[in-house]
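Residue-level structural notes
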Amino acid sequence: QVQLVESGGGLVQAGDSLRLSCTASGLTFSSYCMGWFRQAPGKERDIVASIRRDGSSQSYSDSVNGRFTISRDNAKNTVFLQMNSLKLEDTAVYYCAATARWPGPVITRAYYDYWGQGTQVTVSS
C-alpha cells in the first residue's frame, strides 16, 4: 500500500520561511518523479514544483520560481519543499504526489498516481 505523508505546514507571517516534507512508503521511491501541488479554497489544485526521479532536474510554477526549492533524499524516501519569502497568496493546502510514468519533472496533475493527504500552510500579514 502506497502512502505519502506530508508534514511541516503551519501558520507563518509574510516573509517567513517554511519547509515541507513528504515521506513515501510502499513504493520504490527512486523510481518516482515527485511533485508538490497546492489548492486554495475555491480554486483548482495547481502544480508548485516537480523533481526528477534522481533529483537532477526541477520545474517550478512562475508564482514560486526563485522563492521555493524542491529537493529529495532517495535514501530517506523523502521529498522537501523549502518555501522562502512567503506571501499571503501562498496560503493553501499543499499536497505531494508521485508518478512513475516519466522520469520527470512532470507538471500535469492528471499524470500523478499517488497523493498525500495534504498539509495546511497559512501565511498571515
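Scroll up for the structure.
Residues numbered from 1 in each chain as written. Predicted model: local features only at pLDDT ≥ 70, side-chain atom pairs only at ≥ 80, totals over all residues. Heavy atoms only, no water.

1. Focus: the side chain of arginine 72
You can see arginine 72 is positioned in strand β7 (residues 68-73). Buried and unpaired, arginine 72 has no salt bridge, with aspartate 54 as the nearest side chain of opposite charge at 7.1 Å. Separated by 3.2 Å, the side chain of arginine 72 and the backbone oxygen of arginine 53 make a polar contact. Within the local environment of arginine 72, its side chain forms a polar contact with the side chain of asparagine 74, the two groups lying 2.7 Å apart. When near neighbours in sequence (up to four residues on either side) are disregarded, arginine 72 contacts Phe29, Ser30, Tyr32, Cys33, Met34, Ile51, Arg52, Arg53, Gly55, Thr78, Val79 and Phe80. (Helix = DSSP H or I, 4+ residues; strand = E, 2+ residues; numbered from the N terminus. Buried < 20%, exposed > 50% of the residue type's maximum accessible area, 1.4 Å probe, protein only. Lys, Arg positive; Asp, Glu negative; His and termini not counted. Salt bridge = Lys/Arg side-chain N within 4 Å of Asp/Glu carboxyl O. Polar contact = N/O pair within 3.5 Å; in protein donor to acceptor, adjacent residues only side chain to side chain. Contact = heavy atoms within 4.5 Å.)

2. Thoughts on the state of the cysteines
As enumerated under the stated definition, the model contains one disulfide in all. The side chain of cysteine 22 participates in a disulfide bridge whose partner is cysteine 96; the two sulfur atoms lie 1.9 Å from each other. Its S-S torsion of approximately 45° makes the covalent link between cysteine 22 and cysteine 96 right-handed. Of the two residues, cysteine 22 sits in strand β3 (residues 18-25) while cysteine 96 sits in strand β9 (residues 92-99), which places them 74 residues apart along the sequence. The same class applies to cysteine 22 as to cysteine 96, namely buried. In this structure cysteine 33 is a free cysteine whose sulfur lies 12 Å from that of cysteine 96, the closest cysteine sulfur available. Its relative accessible area of 0% is what places cysteine 33 among the buried residues. (Disulfide = S-S within 2.5 Å.)

3. Focus: the side chain of arginine 67
Residue position: arginine 67 is located in the loop between β6 (58-60) and β7. Here arginine 67 is in contact with Gln82, Met83, Asn84, Ser85, Leu86, Lys87 and Asp90, once residues within four sequence places are set aside.

4. Overview of the sheet that holds β7
Sheet architecture is open: four strands sit in the order β1-β3-β8-β7, paired in antiparallel fashion. Strand pairing shows two members of the sheet lacking a second neighbour, β1 (3-7) and β7, which therefore form its edges. Here the strands of the sheet are splayed against their neighbours by 15° on average, with no regard to which way each runs. In this sheet, β3 lies alongside β1 in antiparallel orientation, the contact comprising five bridges. Across the sheet, serine 7 pairs through a bridge with serine 21, a residue of β3. (Pairing = 2+ DSSP bridges. Axes fitted to C-alpha atoms, helices over the stretch in contact; angles between N-to-C directions.)

5. Re the pattern of salt bridges
Inspection of every chain in the model, using the stated rule, returns five salt bridges. Residues aspartate 90 and arginine 38 are paired through a salt bridge, measuring 2.8 Å at the closest nitrogen-oxygen approach. In this pair, aspartate 90 sits in the loop between β8 (78-83) and β9 while arginine 38 sits in strand β4 (residues 33-39), placing the two residues 52 residues apart along the sequence. Judged on exposure class, the residue aspartate 90 and its partner arginine 38 are both buried. The partner of arginine 109 in a salt bridge is glutamate 44, with the nearest N and O atoms 3.5 Å apart. With arginine 109 in the loop between β9 and β10 (114-115) and glutamate 44 in the loop between β4 and β5 (45-51), this residue pair connects regions lying 65 residues apart in the sequence. For arginine 109, a relative accessible area of 37% gives the class partly exposed. Residues joined in a network through salt bridges with shared partners are Arg38, Arg67 and Asp90.

Any link to function would need more than the numbers given here.
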